[in-house]
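# Topology and contacts: notes
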Amino acid sequence: MLLSETSGDGAGHAALIVIDMLNTYEHEDADVLVRSVREALPGIGALLGRARDAGAPVVYVNDNFGLWRSHHGEILEAALAGRYRDLVEPVAPDEESLFVVKARHSVFYETPLAYLLGQLGVRRVVLCGQVTEQCVLYSALDAHIRHLDVVVALDAVAHIDAGLAEAALRMMERNMAAELLRSGEITFEGVPPG
C-alpha cells in the first residue's frame, strides 16, 4: 500500500497501534507489570493476526529507552535480549509493520504518528499494549483530540495498578468516547485495497 492511498468516501480506515510492547522490563514496576502482560499477550496476538489478515496498518509505537540513536531494530534486539524475551517474541513486528519511536507517554507527543495516520487515511485507531493507566490513557486522549475514533482492546492492554487501570478505562470510555471491546469483537473494516 502506498502512503498516499486514502479513502475517497471518508469512511476511515482502521489501524492497530501496539504501544510499548518491545520492552526490556528493567524498571521499578516490572514484576507487577509482567503478570498483567502475560494475561494480555493472547489478546494482542489475536489483534495482530486479525489486523494483518485484513491488510490493516500495524504501527508499533515504542519508547526508545533514552537512546536517541535507537531505531526499531536496536529496540527489538534490546527487548529480545532482556529477561522476558518470551513476552516480546510472540508480538514482535513483522516485515510489514510500521514503527514510530516515542520519548514520552503519548504515542502522538512529538512523533510523526498523526501525519502517518493521515497519509494512510486512518480515522479509527485500535489501541493495545502497555500501560493502561499511563501510555494507553494518554494516547487515547491525544487520539480523541485529533478527532480519531478510539477503540481500546480490553483483553490486550496491561497495567501496573489494577484500580488505576479500571479508572483509566472508564475515563477513556466516558470522556474520550472510546469503545471498550474485547479483541475478538474488533474488526478492521474500511481497510483500503492493497
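In what follows, the structure referred to is the one given above.
Our subject in this report is the structure included herewith. Keep in mind the model is a prediction, meaning the values are calculated, not measured. (Residues numbered from 1 in each chain as written. Predicted model: local features only at pLDDT ≥ 70, side-chain atom pairs only at ≥ 80, totals over all residues. Heavy atoms only, no water.)

## Some remarks on the packing of aromatic side chains
Tallying each qualifying case throughout the model produces 1 aromatic pair. On the numbers, 5.7 Å between centres and 80° between planes, the contact of Tyr-25 with Tyr-84 is edge-to-face. Of this pair, Tyr-25 sits in the loop between β1 (13–19) and α1 (30–54) while Tyr-84 sits in the loop between α2 (72–81) and α3 (85–88); the two residues are 59 residues apart in sequence, bridging distant segments of the chain. On the basis of relative accessible area, Tyr-25 is assigned to the buried category, the value being 1%. Given the relative accessible area of 15%, Tyr-84 is considered buried. (Phe/Tyr/Trp six-rings, centres within 6.5 Å; stacked < 30°, edge-to-face > 60°. Helix = DSSP H or I, 4+ residues; strand = E, 2+ residues; numbered from the N terminus. Buried < 20%, exposed > 50% of the residue type's maximum accessible area, 1.4 Å probe, protein only.)

## Observations regarding the pairing of strand β2 (residues 58–63)
Burial analysis of β2 places 5 of its 6 residues in the buried class, which makes it a mostly covered element. Direction of pairing for β1 relative to β2: parallel, over a ladder of 4 bridges. Directly across from Ile-17, in β2, lies its bridge partner Val-59. Taken together, β1, α1 and β2 constitute a β-α-β crossover, and its handedness is right-handed. With 5 bridges joining them, β2 and strand β3 (residues 98–102) adopt parallel strand pairing. (Pairing = 2+ DSSP bridges. Right-handed = clockwise from strand over helix to strand, strands pointing away.)

## Description of the side chain of Asn-62
Checked against the element boundaries, Asn-62 lands in strand β2. By relative accessible area, Asn-62 is classed as buried at 1%. Apart from the residues lying within four places of it in its own chain, the contact partners of Asn-62 are Asp-20, Met-21, Leu-22, Ile-75, Phe-99, Val-100, Val-101 and Lys-102. (Contact = heavy atoms within 4.5 Å.)

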